[in-house]
Each structure stands twice: as structure tokens, then as C-alpha cells.
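# Fold and geometry: a report
So the chains spell out like this:
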Amino acid sequence: VDPSVMSQKELESLSKTAITVECLSWGDLDGAKTHKKCDFIVGSDSIYDINTIQPLLQTVSVLLRKDNESQFLLSQSFTYRDDAEREIDAVCENLGLTRTLLQDKENAKVQSFCWKEH
């Protein structure tokens, strides 16, 4: 992740935070519900097939704490097809997530997913 997309306060906060790495099956919502809620989830090059979008974002939505500061940060090293972009938007709308593009350079993107403000 490019540190320039994060504030100094966020970077300092991460340096003081315990980090946990766990293996989960996307779409296993019952399994995801047994885990603690997360403040920050990171994924990289996680979407290679349009059929993985819904299970991935559903799992993230179960794990992500429901506040305005928690986020899922997703980077990609290639451009998604238009149908995948539309599917991401549709799934986000259905789940109540907002997608924000943080960086877009030569086919490399970093985007943030968080809960819509109420």
C-alpha cells in the first residue's frame, strides 16, 4: 500500500495495533460470524473471477465493524473488466457499502470499502 493514501495518524495507529492474519473461505458467512469484528481488512489481487465478488464482499461485510472508520482496503495490479466493475458496484449497493478509489496508476488501483453513513 502506498503510504501516501493514509494519514500520519492512521500510520501511527497501525504501528500500535495488534495484527491478526486468518484464513477464511469467502462466502462462509457462518464461519465469518465466529470471528471478531475488524477495524481494517486488507486484500490484494483478490478478484480474478466475477463470481468471487459477491462472496468476498459478503464475507467482508460480516467481518467489518459497523462504524464510519472501519474499512476494507483492496489493491489490484490489473484492470477489472467493465462487467466486474458493475458487479462490484451492485454488490456494494446491496450490502450498504461505499467504494472509494484511493489510487489509480497504470492498471494498479487501491480502493477502500466502508459502510455508508446513515
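Description of the structure in this document. (Residues numbered from 1 in each chain as written. Predicted model: local features only at pLDDT ≥ 70, side-chain atom pairs only at ≥ 80, totals over all residues. Heavy atoms only, no water.)

### A look at unusual backbone geometry
Phi angles above zero are rare outside glycine, and Asp45 is one such case at about 45°. Along the chain, Asp45 turns up in the loop between strand S1 (40-44) and helix H3 (53-63). (Helix = DSSP H or I, 4+ residues; strand = E, 2+ residues; numbered from the N terminus.)

### A look at the nonpolar core
Within the largest apolar cluster, 20 residues are counted, with the highest numbers of intra-cluster contacts made by Ile47, Ile53, Leu57, Phe72, Ile88 and Phe113. Listed by contribution, the elements that provide at least two residues to this core are H3, strand S2 (71-76), helix H4 (82-95) and strand S4 (108-115). With six residues, the single largest contributor to this core is H3. In this structure Ile53 touches Ile47, Ala84, Glu87, Ile88 and Val91, once residues within four positions along its chain are discounted. (Core = buried A, V, L, I, M, F, W, Y, C linked by side-chain atoms within 4.5 Å. Buried < 20%, exposed > 50% of the residue type's maximum accessible area, 1.4 Å probe, protein only. Contact = heavy atoms within 4.5 Å.)

### Things to note about the sheet that holds S4
Across the sheet, four strands lie side by side as S1-S2-S4-S3; this open sheet has mixed pairing. Pairing within the sheet leaves two strands with one partner each, and these edge strands are S1 and strand S3 (97-105). Pairwise comparison of adjacent strand axes, ignoring direction, gives a mean angle of 15° for this sheet. For S2 and S4, the ladder comprises five bridges, and the chain directions are antiparallel. (Pairing = 2+ DSSP bridges. Axes fitted to C-alpha atoms, helices over the stretch in contact; angles between N-to-C directions.)

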